Amino acid sequence: MVATCLHLVGFACSFVGWIGLIVATATNDWVVTCGYTITTCRKMDELGSKGLWADCVMATGLYHCKPLVDILILPGYVQACRALMIAASVLGIPAIFLLVTVLPCIRMGHEPGAAKYRRSQLGGILIILLAMCGVVATIWFPVCAHRETTIMSFGYSLYTGWIGSALCLFGGCVVVCCSGDAQSFGENRFYYASGSSSPTHAKSAHV
């Protein structure tokens, strides 16, 4: 029962974290930048927002974004972070599918527990891999962006990426390390006595 609960916790954390990484990938508010000194930018009330897909200018009554469509002139770190975040989003599809198929409420015929255990381990490893992609991208991007311009603060997209990566890393580790053993994985926790006076009376339980 404990292993089943831990598996459900790992799946829930992994799913929420994966959604967070998708949101971080699709949005552009990664870092808030300033082209001048911080004091000048505050007086002019003009800040910039930099992300994977666009550079935006934020001023009073104005929010204008310039899409980053010319791949040939993009900095290397932007292209690398794009690739890492896209890889994390795509890896989540088979990982979540594998984890869904091994949930206690899902039955696929008379499948042995060892087969479900292998799918669970594979799904957990994929979750850890996508979490590492998110960690590298969300740390690499602000460090390199700070070398180009002055960073005023981190944006909500970056925080979403950090939280999503942490949840995926935690969830993947829980799935891989706390799912029990291959022989008992996915087996029913209770069985019933065929000769009992009450057909619904539980005779014993496997822990």
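Quick caveat: nothing in here was measured; it's all calculated off a predicted structure. Here the residue numbers are simple positions, counted from 1 along each chain's written sequence. Reporting of local features is limited, given that this is a predicted model, to residues whose pLDDT is at least 70; pairs of side-chain atoms are given and counted only at 80 or more, and all residues count toward the totals for whole chains, interfaces and linings. Where side-chain values are given, they derive from all heavy atoms of the structure, hydrogens and water being excluded.

Visitor: Explain the overall build of the chain here, please?
Guide: We count a stretch as a helix when DSSP gives it H or I for four or more residues in a row; a strand needs E for two or more, and each element gets its number in order from the N terminus. For the chain, the helix and strand inventory stands at five helices and seven strands. Of the regular secondary structure in the chain, the N- to C-terminal order runs α-β-α-β-β-β-α-α-β-α-β-β. Exposure classes here rest on a 1.4 Å probe applied to the protein chains alone. A residue is buried below 20% of its type maximum, exposed above 50%, and partly exposed in between. Within the chain, the fraction of its 207 residues that count as buried is 39%. A contact between two residues is defined here by any heavy atoms of the two lying within 4.5 Å. Taking all contacts inside the chain whose residues are at least 6 apart in sequence as the whole, residues at least 24 apart take part in 67%.

Visitor: Teacher, can you tell me more about the sheet that holds strand β3 (residues 54-59) here?
Guide: The strands making up a sheet associate through hydrogen bonds between their backbones, and the pairing can be parallel or antiparallel. What makes two strands pair is DSSP finding at least two bridges between them. In space, the five strands of this open sheet follow the order β4-β3-β2-β1-β5, with antiparallel pairing throughout. Because the sheet does not close on itself, it has two edges, and the strands there are β4 (62-67) and β5 (150-154). Strand-to-strand, the axes of this sheet are offset by a mean angle of 25°, without reference to chain direction. Every axis in this analysis is a line fitted to C-alpha atoms, fitted for helices over the stretch in contact. Angles between the N-to-C directions lie between 0 and 180 degrees.

Visitor: Explanation requested: the packing of aromatic side chains in the structure shown.
Guide: What characterises a pair of aromatic rings is the spacing of the ring centres plus the angle enclosed by the ring planes. Each Phe, Tyr or Trp ring (for Trp, its six-membered ring) is paired with any other whose centre lies within 6.5 Å, and the angle between the two planes then decides the class: stacked below 30 degrees, edge-to-face above 60, tilted in between. Counted according to the given criterion, the structure contains seven aromatic pairs. By the ring-pair criterion, three or more aromatic residues cluster together here, those being F11, F15 and W18.

Visitor: I tried to follow the state of the cysteines on my own but got confused; where do I start?
Guide: Put plainly, a disulfide is one covalent bond tying together the sulfur atoms of two cysteines. Throughout, a disulfide means two cysteine sulfur atoms within 2.5 Å of one another. Applying the stated criterion to the full structure yields one disulfide. Summary of cysteine pairing: C81 is not part of a disulfide, and the nearest cysteine sulfur, belonging to C144, is at 6.8 Å. The exposure class assigned to C81 is buried, which follows from its relative accessible area of 0%. The thiol of C168 is not disulfide-bonded; the next cysteine sulfur, from C13, is found 9.2 Å away.

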